[in-house]
Amino acid sequence: MFLGNSRMNAVSYRSIDVPVEGGNLHVGVWGNQGPVIFCSHGITANHISFAGLAEQLAAQCQVIAPDHRGRGKSRGITGPWGMERHADDIVAVLDQLNIETVDLLIGHSMGGFIGVVTKARYPKRIKQLMLVDGGLPLMDSVPASVSSEYLIESVIGPAMRRLDLTFESVDDYLAFWTKHPAFNAPFDEATKRYFEYDLCGEAPTLKPGINKAAIISDTESQLIDDLVARSAAAIDEPITFVWAPRGIMNDAPLYTEERLLELQTRYPNIHRCDADDVNHYTVVVSSAGAVQLAEKVRRQLAA
């Protein structure tokens, strides 16, 4: 049993299951008219991370967001994983919904890397890309001596360690997150819903609904392989990059100013757009972040 569904009060929200290789992909859909926006979540996240944003936009747009394979209600899908497999899953969702072209794909963190690969792999299916604090190479190369597990621990730390824990109750899980520097308790409604949906099982042995093997494989695909860099280089159209001023631990940003300058030189089609007073997580999962991001989306669609 997954928790959190009872808190969903979005406009015209529904969920569907889409057959993909290895199982069924669980997908949330908000709204039913206007521009099509596809949202791709982070490496240990789920589609409810975009619920606040979707509720801001659902009156004017159709917003689609899956639980990527290995996460949430798509946790049972078998491998292989990796950015190319996630890109194929996105196209499977579009085909199931009879959508030829997405007006805007928004990718947060790992979802940004998926977005870049999807655009390069299926250029006619995605009109515009908005990368939210992810999607661009974090480093030019990873030493061969660095394992995927070490890289994951150094980048996302506590978010990964929670996968080996069990929790007696939802409140116990929320208390775990109050210790994470990226979040301030009490949580707002959007953040609380996201955490609640993250759990599966029955009390007192609730666990995050995430397949750890998928996390390791996807880390290799997005950070160690050169797939993302090659995909970004193949995209000629403008790409919006939304930068969060604070990072995963609510301290230094994930992308430094120096790194962003390097990337903008390498990929001159990148247009930077800064978010205010948020970190790598709250730029999407908090109510304040969702309001900011929704306004950026409206401006981009209008342009």
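**Remarks on helix α12 (residues 287-302)**
Structurally, the α-helix is built with 3.6 residues per turn, so residues lying three or four positions apart point the same way.
Right, so step 1: Here α12 spans 23 Å end to end across 16 residues, near enough to the 22 Å set by a 1.5 Å rise per residue.
Right, so step 2: Buried within α12 we find Gly289, Ala290, Leu293, Ala294, Lys296, Val297 and Gln300. Here the buried residues of α12 occupy an arc of 165° about the axis, which is enough to place them on one side. Away from its buried face, by an angle of more than 90 degrees, α12 presents the exposed residues Ala288 and Ala302.

**Some remarks on the nonpolar core**
The nonpolar side chains of a soluble globular protein tend to be buried, and buried together.
Right, so step 1: Grouped together as the largest cluster of nonpolar side chains are 96 residues, with contacts concentrated most on Ile37, Leu53, Ile64 and Ile106.
Right, so step 2: When residues no more than four places from it in sequence are discounted, the contact partners of leucine 53 are Cys39, Ile106, Ala290, Leu293 and Ala294.

**Observations regarding the sheet that holds strand β10 (residues 270-274)**
Paired through backbone hydrogen bonds, the strands of a sheet run either parallel or antiparallel to each other.
Right, so step 1: Taken in spatial order, the eight strands make up an open sheet running β1-β2-β4-β3-β5-β6-β9-β10, and their pairing is mixed. Where the open sheet ends on each side, the last strands, each with one partner, are β1 (14-20) and β10. With direction set aside, neighbouring strand axes in the sheet form an average angle of 25°.
Right, so step 2: The sheet contact formed by strand β2 (residues 23-30) and strand β4 (residues 62-66) spans four bridges and is antiparallel.

**Concerning the pattern of salt bridges**
Right, so step 1: Scanning all chains against the criterion turns up 19 salt bridges.
Right, so step 2: For arginine 85, the salt bridge identified is with glutamate 21, shortest N-O distance 3.3 Å. With a gap of 64 residues between them, arginine 85 in helix α2 (residues 83-96) and glutamate 21 in the loop between β1 and β2 connect regions that are remote in the sequence.
Right, so step 3: The residue aspartate 88 makes a salt bridge to arginine 121 at a minimum N-O spacing of 2.9 Å. Of this pair, aspartate 88 sits in helix α2 while arginine 121 sits in helix α3 (residues 110-121), placing them 33 residues apart in sequence.

The rules we used
In this numbering scheme, every chain counts its residues from 1 along its sequence in written order. The model is predicted, so local features are restricted to residues of pLDDT at least 70 and side-chain atom pairs to those at 80 or more, both for listing and for counting; the totals for chains, interfaces and linings are taken over all residues. Side-chain measures were taken over the full set of non-hydrogen atoms in the model, leaving aside hydrogen atoms and water. By definition, any uninterrupted DSSP run of H or I lasting at least four residues is a helix, any uninterrupted run of E lasting at least two residues is a strand, and each is numbered from the N terminus. What a helix should span is 1.5 Å times the count of its residues minus one. For every residue, the accessible area (1.4 Å probe, protein chains only) is compared with the maximum for its type, and the residue is labelled buried under 20%, exposed over 50%, or partly exposed between those bounds. For this quantity, the arc is that covered by the directions from the helix axis to the C-beta atoms. For the purposes of this section, nonpolar cores are sets of buried Ala, Val, Leu, Ile, Met, Phe, Trp, Tyr and Cys residues that join through side-chain atoms within 4.5 Å. Throughout, a residue-residue contact means that at least one pair of heavy atoms, one from each residue, lies within 4.5 Å. DSSP calls a pair of strands paired once it identifies at least 2 bridges connecting them. Working convention: axes come from line fits to C-alpha atoms, limited for helices to the stretch in contact. Angles between N-to-C directions cover 0 to 180 degrees. Just to be clear on terms, a salt bridge is a Lys or Arg side-chain nitrogen sitting within 4 Å of an Asp or Glu carboxyl oxygen.

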